[in-house]
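A look at the structure
Listed here are the chains, written in short residue letters.
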Amino acid sequence: MAQNKIRVLIAKPGLDGHDRGAKVLAQALRDAGMEVIYTGLRRTPDQIVSAAIQEDVQVVGLSSLSGAHNNLFQKVANLLQEKGYEDVLLIGGGIIPEKDRKQLEKAGFDRIFSPGTSTEDIVEYIKDKVNE
Amino acid sequence: MSKQASHLARGIIQGKEKALAKGLTMVENRNDGYRELLDEIYSEVKNCPIWGLTGAPGVGKSTITNYLVDSLAKSGERIGVIAVDPTSPFSGGAILGDRVRMMDLAGKEGIFIRSMASRGALGGLSPAIMDAVSLYQAFGVDRILVETVGVGQSETDIVALADTVTVIMMPGTGDDVQTIKAGLLEIGNIFVVNKADLQGAETLTGLLQSMLSSKNSPDDWAPPVLKLIASTGQNLDKLLGEMHRHQDFLKKSNQREEKEKMRNEMALKMHLQARFQDLFLGPLLGTSEWEQAVKSIGRRERSPAYWAEKMITGSD
Ligand code: B12
Ligand SMILES: Nc1nc2c(ncn2[C@@H]2O[C@H](COP(=O)(O)OP(=O)(O)OP(=O)(O)O)[C@@H](O)[C@H]2O)c(=O)[nH]1
Ligand SMILES: [Mg+2]
């Protein structure tokens, strides 16, 4: 009998040490029945993409609150594309101004979530998209 | 024959990382084609040493694995890691956090890491983990390291999977004696007292040593006890040395074949159990007989033991 689970990678790129949001989200996704691979802090885009490939996740989620999102998020999106993984659901969250959000959503991200988003909304979004 | 399965099988045999990753998912999820996949790669499976690391949550298994993999890879080996974390019995989800301590390894040539949830397997190992080992061995790795959650007595399957089992403990957990009693003494080939920087390491080491010496070992291997500080790297080279020494011991005493046979039997048994469940248990669930039995058990008329037998044999 098939036993499919949604597998998600949650990663913190760069030097940003704010991990509370990433951990809260990881727990919420676990509680929704998903398998969440958490990478921990201070990862490079290369490490993140390599982990995503080996773990064969359907969803890659990046979290950043330090302001360095534009460069780092973009690198992850480009690398995923380069390696032929443009079909993963790529999402992000943290402190990301509206204008950057729009920009990233044009440049390969499916969705960027802002502070205050309820984790239920994120869970629902992921389930919808993955089962599409 | 599933086209996707043959495609993946070919990719895995050719050493393609993406194929291995997708193949592992297929096998883990028991998706259509997984049997063909396993069968097609099977003639390409090459035996290699399998090292198991087990111990209670947070004792330092991943920190130690990280070191071992890093030094083995530096000597040119290709390494496959399987890191198992528990599935939540409530949601069926899991947080797989072993990569937090292994991230230096990500993206390095010749290292493949896969995090797997236990998915409710009783002995800590699900059949999918045995199959993952086969995929790694067809992909072509020189060694496999398996990190499993050791929660007391349930952690014994690792013996059937790994050639060399390292049991890791730490001081100050308060239940040292219980942990040791729960059968861990029997499964370890090597014992580690990690976090030797914390109080109580001496006592735990002494306790372990005395318990091990009072037990007569079934073979000529006397399990060593090592004190480590994994976070600073202290004595990790010694651990690696002992693991190699145990591997040599197995080879010299012709026990590798025995281990191999145990592993094969275990894999066969696990597949049979799963099939039995699908074939026999599955169709019974929710049938009128099932409902009748549940009611009867609830009214204390007949026992579950009675009903199980009746459902299988049809007679009382
Ligand atoms: C708590 C906190 C800290 C704690 C962090 C504790 C920890 N381990 O996480 C401490 C005290 C350590 C800290 C330190 C610093 N902080 Co601070 N910190 C905050 C604070 C007050 C709250 C962050 C938080 O935990 N929120 C709660 C979580 C649950 O929410 P969240 O992370 O936003 O996540 C939600 C969503 O954004 C979204 N989400 C987040 N990630 C992801 C990922 C995905 C994939 C998805 C789908 C969704 C998603 O979902 C979550 C749930 O809704 C914010 C201010 C704020 N209001 O955000 C400042 C803030 C982030 N910190 C700030 C700063 C400047 C710092 C310091 C540099 C301060 C200093 N000068 O020392 C240091 C740097 C630390 C470091 N090494 O990086 C600034 C950042 C400014 C900027 N971006 O330009 C902020 C915005 C405060 C401010 N207004 O100036 N900080
Ligand atoms: N003081 C001390 N801490 C250590 C030592 N080794 C590891 N740790 C810390 O112990 C914590 C757990 O380490 P891990 O390697 O993640 O342990 P684990 O056994 O893999 O944990 P799980 O996979 O969650 O069961 C981390 O915070 C490590 O930094 C050590 O020798 N001394
Ligand atoms: Mg671990």
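Scoring rules and cut-offs
- Residues numbered from 1 in each chain as written.
- Chains lettered and ligands numbered in written order.
- Predicted model: local features only at pLDDT ≥ 70, side-chain atom pairs only at ≥ 80, totals over all residues.
- Heavy atoms only, no water.
- Contact = heavy atoms within 4.5 Å.
- Buried area = accessible area lost by both parts, 1.4 Å probe.
- Salt bridge = Lys/Arg side-chain N within 4 Å of Asp/Glu carboxyl O.
- Polar contact = N/O pair within 3.5 Å; in protein donor to acceptor, adjacent residues only side chain to side chain.
- Helix = DSSP H or I, 4+ residues; strand = E, 2+ residues; numbered from the N terminus.
- Near = heavy atom within 4 Å.
- Areas by Shrake-Rupley, 256 points an atom, 1.4 Å probe, with all protein chains shown as cover.
- Nonpolar A, V, L, I, M, F, W, Y, C, P; charged D, E, K, R; others polar.

Interfaces are often sized by the accessible area lost when the parts come together. Facing the 29 residues of chain A at the interface are 31 residues of chain B. Here chain A meets chain B over a buried area of about 2600 Å², counting both sides, of which 46% is carbon and sulfur. At the junction of chain A with chain B, the criterion picks out four salt bridges. Linking lysine 22 of chain B and aspartate 56 of chain A is a salt bridge whose minimum nitrogen-to-oxygen distance equals 2.9 Å. Across the contact surface, chain A and chain B share 23 residue pairs in polar contact (both at pLDDT 80 or more). Elements that contribute at least two residues to the side of chain A that touches chain B include exactly α1 (20-31), β2 (35-38) and α2 (45-55) of chain A. Considering each element in turn, the side of chain A that touches chain B owes the most residues, six residues, to α2 of chain A.

Looking now at the site of ligand 2. Residues and elements named next belong to chain B. Surveying the vicinity of ligand 2 reveals 17 residues, the closest of which are Lys61, Ser62, Thr63, Asp98 and Asp197. One of the side-chain N or O atoms of asparagine 194 is found 3.2 Å from a nitrogen atom in ligand 2. At 2.9 Å from an oxygen atom of ligand 2 is found a main-chain nitrogen or oxygen belonging to alanine 230. Within the complex, 75% of the 660 Å² of free accessible area of ligand 2 lies under protein. It is helix α4 (residues 61-74) that provides the largest number of residues to the shell around ligand 2, a total of three residues. A breakdown of the residues in the shell around ligand 2 according to their chemical character gives four nonpolar, six polar and seven charged.

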